[in-house]
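Coordinate analysis (summary)
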Number of protein chains: 2
Amino acid sequence: MRIALDAMGGDCGSELLIEGALAAVRDNRDFEVVLLGPSAELEKQVALLADTTLSSRLSIQHASQVVSMHESPVEAVRKKKDSTIMVGFDLVRQGKADAVVSAGNSGATLAAAVRKLGRLKGVARPGIASLFPTLKEPVILMDIGANVDCRPQHLFQFAIMAASCSRLLLGIERPRVGLLSIGEESGKGNALVKETHVLLRQSGLNFIGNVEGRDVYQGDVDVIVCDGFVGNISLKISEGLAEAAMQMLKDEIMKSLRAKIGYLLIRKAFARFRKRVDYAEYGGAPLLGIDGVGIICHGKSNAIAIKNGIEVAADMVRSRVNDSIRSSLEEYAT
Amino acid sequence: MRIALDAMGGDCGSELLIEGALAAVRDNRDFEVVLLGPSAELEKQVALLADTTLSSRLSIQHASQVVSMHESPVEAVRKKKDSTIMVGFDLVRQGKADAVVSAGNSGATLAAAVRKLGRLKGVARPGIASLFPTLKEPVILMDIGANVDCRPQHLFQFAIMAASCSRLLLGIERPRVGLLSIGEESGKGNALVKETHVLLRQSGLNFIGNVEGRDVYQGDVDVIVCDGFVGNISLKISEGLAEAAMQMLKDEIMKSLRAKIGYLLIRKAFARFRKRVDYAEYGGAPLLGIDGVGIICHGKSNAIAIKNGIEVAADMVRSRVNDSIRSSLEEYAT
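Residues numbered from 1 in each chain as written. Chains lettered and ligands numbered in written order. Predicted model: local features only at pLDDT ≥ 70, side-chain atom pairs only at ≥ 80, totals over all residues. Heavy atoms only, no water.

Right, let's get into the nonpolar core. Ranked by internal contacts, the top residues of the largest apolar core, which has 224 residues, are L35 and I310 of chain A together with L35 and I310 of chain B. Looking at which element gives the most residues to this core, the answer is helix α9 (residues 228-253) of chain B, with 12 residues. Here L35 of chain B is in contact with L5, A7, I18, A21, L42, V46, L58, S59, I60 and Q61 of chain B, once residues within four sequence places are set aside. (Core = buried A, V, L, I, M, F, W, Y, C linked by side-chain atoms within 4.5 Å. Buried < 20%, exposed > 50% of the residue type's maximum accessible area, 1.4 Å probe, protein only. Helix = DSSP H or I, 4+ residues; strand = E, 2+ residues; numbered from the N terminus. Contact = heavy atoms within 4.5 Å.)

Put into structure tokens, the structure is as follows:
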């Protein structure tokens, strides 16, 4: 198995990305990593690595262009034919790689995947799923930003695709599917949600009804569907609140010596807490609905997050998530 | 000035609501509070209060019905003519009270206000604004749930109304207005946001452009507008995350003796932190766009939150927010 890693994507820098790749091949014997980027630059960096046994399991595929974080996905795919992500998904198309992982522009990564690999048969809108930490097991939320204006049928397919992910990646046999809304009753929500509710109720999926914003972190639902506008805001507002809350707490602690001493004693518990909520531990966000495997990592990923993203990609290849999505789409569509 | 308090609304119980009313009249000499509810029951409770000087500034207005939290607003207003909120807004209509405060069903409270008082001239959709804590000053977000399917004109008016609130209640001379979206660029967002962006840019308001979910808690914007579906999910997801995070942190602390001791030292800093983020400290959410003053408190309010809600209502009456909204609507509409 070969996982292609966009070695130029995101805000983290290629050194850190390569560190993640190295950690991934160290812990997994069944795949290699192909680094995508300017070959001269990447060769230099790989040559510096101390462990030659491991670095021999990294290869390089030249790509002369990089899509920046704020570039328009449509334009990026049209104009930058030799970008890391276009080259990566081209490798997958040619059977030379099994998946692409990128911490770069998520919209452009999805667009490149669709362009090079196409959609799975019957999928109207591919999207991006993401794991959210909860008080119990993580929940998969889809879509987190690829599709801002959705129709009920799109949300219905998000539910099917994310449920396949939940089964195969998280081992949940019959995932509980919830529809993100502003009240538990079926009549609550906007027009999109009300129509989607009917589709899901009739679907044969394990649909538990509407869930509210406050249910997301409780862990009593395995899959939550929403349009990409709502999903992206949910994700970003959570990240923003977590950061702001840590900052406020730090400010309050720094106001007294007593609290500072307390903090020294509590530090490890804090670290465990952070690890529990940190996106880095949850690795990448799968692109679902494309005819292949693609993983998007957070733009601010560290090496652990990249390693996890690569491992999630390998998991998706091993467990044949797309076969499951294909058969689920056929099963639930009829 | 007389503020009417729904003494039966919410999950908190009338004892706690009366405690909040008592605290409000203790700290403010320029208003009295009218308790709305079954008079026999309320009279009993008020008779038990020790401080007769203060309790003489509480009066009771009989209302035989209560709207429950999950009742349909439309039906509640149609069927329960003698509910606390209907009676309350009727007092305002008759000039016998200046505002209504309720911790009950927010949709029904808004519907009752519209039924009894009507909308301010030119307002298409009244809505609910709410204060969110940030790293700096609180931000006003509107709408948080009254209007799930909105048109650009509605969001535009939310911006005007919330900006008036920001000026008069928070003293911000020229509030920075942001539009909640999934990217800072004007082209990012769903169809509703893209059209609203154009209206706001041309408006003469101090529009700073799109803001993302992660900007909500930074404090670099004074007013954020969004439709009620997105706003409600933003609010609920924040509450849910804050609760879950505190629970997770507590779990981690309880795992070691060292951390438990640390917690004892850090406790006060924690309390200050909680106070900073706690909705109770931020009091009520103003109904904006109705021809009168109405405040909704959180269903799980404590006495402090009720007191704050009553004080916000009094502030809105004193500062004539509706006059400002009226003239802003005229100014910016042309």
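After presenting the structure, the write-up continues.
We now examine the interface of chain A and chain B. Each partner contributes residues to the interface: chain A has 56 residues there, and chain B has 56 residues. Summed over both partners, the interface of chain A with chain B buries about 5,400 Å², with 68% contributed by carbon and sulfur atoms. On inspection of chain A and its partner chain B, the count reaches 12 salt bridges. Put simply, E252 of chain A and R276 of chain B hold a salt bridge, and the shortest N to O gap is 3.3 Å. (Buried area = accessible area lost by both parts, 1.4 Å probe. Salt bridge = Lys/Arg side-chain N within 4 Å of Asp/Glu carboxyl O.)

Overlaying chain A with chain B gives an RMSD of 0.0 Å, the required rotation being 180 degrees about an axis along which the chain moves by 0.0 Å. Such values leave the two copies arranged in the relation of a two-fold axis. In terms of proximity to the rotation axis, the leading residue of chain A is G262 of chain A, whose C-alpha is 2.0 Å off the axis. When the interface residues of chain A are mapped onto chain B, 100% of them again fall at the interface, so both copies present the same face. (Least-squares fit on C-alpha atoms with pLDDT ≥ 70 in both.)

Attention now moves to helix α10 (residues 257-277) of chain A. Of all the bends found along α10 of chain A, the most pronounced is centred on I266 of chain A and spans about 55 degrees. Buried within α10 of chain A we find A259, G262, I266, A269, F270 and F273 of chain A. In this structure, the buried side of α10 of chain A is in contact with α9 (228-253) of chain A together with α9 and α10 (257-277) of chain B. (Bend = angle between axes of the 7 residues up to and from the residue.)

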